[in-house]
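The lines below spell out each chain.
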Amino acid sequence: MPAVQPTVLVTGFEPFDNDPVNPSWEVARALDGWACMGATVRAVQLPCVFGLAAERLDQALAQWQPGLVVGLGLAGGRTEWQPERVAINCDDARIADNAGRQPIDTPVVAGGPAAYFSSLPVKAIVQALRAAGLPASVSNTAGTFVCNHVFYALMHRLTGRPGVRGGFVHVPCLPEQAARHPGLPSMALPAQIEALRVTVRTALAVQTDIVAEGGQIH
Ligand code: PCA
């Protein structure tokens, strides 16, 4: 039996880059209060602002003392749900954040390690999502914008919280966004909410990631 972890913290972001909606928050908030395997999901919205987003994350970690943390963020253009494998110690913003900040080649944590791996079972999650009929793959870059910033900050914080696992998932646009930006791939909100259920359930159930047997999971 997996250990009971009473709270699962799920974060999503406010809209950014002049878009009125961010699916990461719509998905997170849809499961606020959802009970799964003895744990309860708490959804927290993060500002899309370098620095402030990590501060808000710190507050949420202090408030909820989660046993598991799943960060969500939008990656427009991606076609699938993508658990991120690695966070890097680099802020390098292509566009300004919601406070007009645009750090270039700046460490997330001065003196921190170059990178942290997710401690979520990313391959088991991809396998479970596909088995549920949901498109998914492992991503090897979370970019260098606010999502990677929060992901790195999270993994850095978790080094001080033994036994607490966490990671990050990039999600595609919603159909309504794709309708405004023709050509962008999208995934409907109910499918994305189901993807979060599968992700949380798998992360709670699988402590150590699978090594694919006879098949590759990428
Ligand atoms: N996506 C951005 C930041 C907020 C979000 O939802 C990113 O991928 O960095």
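Above this text you will find the structure in question.
Note on numbering: residues in each chain are counted from 1, in written sequence order. Only residues with pLDDT of at least 70 get local features here, since the model is predicted, and only at 80 or more are side-chain atom pairs given and counted; chain-wide, interface and lining totals rely on the full set of residues. Computation of side-chain values covers all heavy atoms of the structure but excludes hydrogens and water.

**Observations regarding the overall build of the protein chain**
Logical step 1: When you go through the protein chain residue by residue, the secondary structure sums to six helices and eight strands.
Logical step 2: Helix and strand definitions follow DSSP, with helices as H or I runs of at least four residues and strands as E runs of at least two, each counted in order from the N terminus. The order of α-helices and β-strands along the protein chain, N terminus first, is β-α-β-β-α-β-β-β-β-α-α-β-α-α.
Logical step 3: For a compact globule the rule gives 2.2 Å times the number of residues to the power 0.38, and the radius of gyration it is set against comes from C-alpha atoms. Against the compact-globule benchmark of 17 Å for 218 residues, the protein chain has a radius of gyration of 16 Å, which places it among compact chains.
Logical step 4: For the C-alpha atoms alone, the extent of the protein chain along its principal axes is close to 45 × 40 × 35 Å.
Logical step 5: The 218 residues of the protein chain split such that 53% are buried.
Logical step 6: The charge count includes Lys and Arg as positive and Asp and Glu as negative, but it does not include His or the ends of the chains. Charge positions come from single atoms, namely NZ of Lys, CZ of Arg, CG of Asp or CD of Glu. Averaging the positions of the 15 positive and the 17 negative side-chain charges in the protein chain gives two centres separated by 6 Å. For every residue, the accessible area (1.4 Å probe, protein chains only) is compared with the maximum for its type, and the residue is labelled buried under 20%, exposed over 50%, or partly exposed between those bounds.

**A short note on the side chain of S137**
Logical step 1: By secondary structure assignment, the location of S137 is in the loop between α3 (122-131) and α4 (146-158).
Logical step 2: Engagement of the side chain of S137 in a polar contact is seen with the side chain of E80, the distance being 2.5 Å.
Logical step 3: By the criterion applied in these results, polar contacts are pairs of N or O atoms within 3.5 Å in which, for protein atoms, one can donate a hydrogen and the other can accept it, and in which residues neighboring in sequence qualify only through two side-chain atoms. A polar contact is formed between the side chain of S137 and the side chain of Q82, at a distance of 2.8 Å.
Logical step 4: Excluding its chain neighbours within four sequence positions, the residues that come into contact with S137 are E80, W81, Q82, P83, V126, R130 and H218. Any two residues having at least one pair of non-hydrogen atoms within 4.5 Å are treated as being in contact.

**Observations concerning the site of the ligand**
Logical step 1: Neighbouring the ligand are the residues F13, F16, N22, C48, G73, L74, F145, V146, C147 and H170.
Logical step 2: N22 places a side-chain nitrogen or oxygen 2.9 Å from an oxygen atom of the ligand.
Logical step 3: Note that an oxygen atom of the ligand is positioned 2.9 Å from one of the side-chain N or O atoms of H170.
Logical step 4: Protein contacts shield 94% of the accessible area of the ligand, which totals 260 Å² for the unbound molecule.
Logical step 5: Looking at the shell around the ligand, the elements that each hand over two or more residues are β4 (68-74) and α4.
Logical step 6: When grouped by side-chain class, the residues that make up the shell around the ligand number seven nonpolar, three polar and no charged. We call a residue near a molecule or strand whenever a single non-hydrogen atom of that residue lies within 4 Å of it. Here, Shrake-Rupley sampling with a 1.4 Å probe gives the accessible areas, and only protein chains in the shown set may cover a residue. Each residue receives one of three labels: charged for Asp, Glu, Lys and Arg, nonpolar for Ala, Val, Leu, Ile, Met, Phe, Trp, Tyr, Cys and Pro, and polar for the others, Gly being one of them.

**Structural notes on the packing of aromatic side chains**
Logical step 1: For Phe, Tyr and Trp, where Trp contributes only its six-membered ring, two rings pair if their centres lie within 6.5 Å, and the inter-plane angle classes them as stacked under 30 degrees, edge-to-face over 60, or tilted in between. Considering all chains together, one arrives at four aromatic pairs under this definition.
Logical step 2: A centroid spacing of 5.0 Å and a plane angle of 50° characterise the contact between Y116 and Y152, whose relative ring orientation is tilted. Here Y116 is found in strand β7 (residues 115-117), whereas its partner Y152 is found in helix α4, with 36 residues between them in sequence. When sorted by exposure, Y116 lands in the same class as Y152, which is buried.
Logical step 3: Three or more aromatic residues joined by ring pairs form one cluster here, namely F16, F50 and F145.
Logical step 4: Lying across the ring of W34, R197 places its NZ or CZ 5.8 Å from the centre. Working rule: Lys NZ or Arg CZ, within 6 Å of ring centre, within 35 degrees of ring normal, means a charge sits over the ring.

**Topic: the pattern of salt bridges**
Logical step 1: Each reported salt bridge corresponds to a side-chain nitrogen of Lys or Arg within 4 Å of a carboxyl oxygen of Asp or Glu. Tallied over the entire structure, the rule returns five salt bridges.
Logical step 2: Residue D19 pairs with R180 through a salt bridge whose shortest N-O separation is 3.0 Å. Of this pair, D19 sits in the loop between β1 (7-13) and α1 (23-30) while R180 sits in helix α5 (residues 175-180), and the two are 161 residues apart along the sequence.
Logical step 3: Across the pair D58 and R157 runs a salt bridge whose closest N-O atoms are separated by 2.7 Å. Placement of D58 in helix α2 (residues 52-64) and of R157 in helix α4 is noted, with a sequence separation of 99 residues between them.
Logical step 4: The partly exposed category is assigned to R157, whose relative accessible area is 26%.

**Some details on the pairing of β4**
A regular strand places its side chains so that they alternate between the two faces of the sheet.
Logical step 1: Burial of β4 is extensive: seven of the seven residues sit out of reach of the surface.
Logical step 2: Taking every second residue as pointing to the same face, both faces of β4 are buried, with L68, V70, L72 and L74 on one and V69, G71 and G73 on the other.
Logical step 3: Between any two strands, pairing holds if DSSP finds at least two bridges. In the sheet, β1 pairs with β4 via four bridges, with the strands oriented parallel. Of the residues in β4, the one forming a bridge with V10 is V70.
Logical step 4: Across seven bridges, β4 lies against strand β8 (residues 165-171) in parallel orientation. By the bridge assignment, L74 is partnered in β8 with V171.

None of this, on its own, says anything about what the molecule does.
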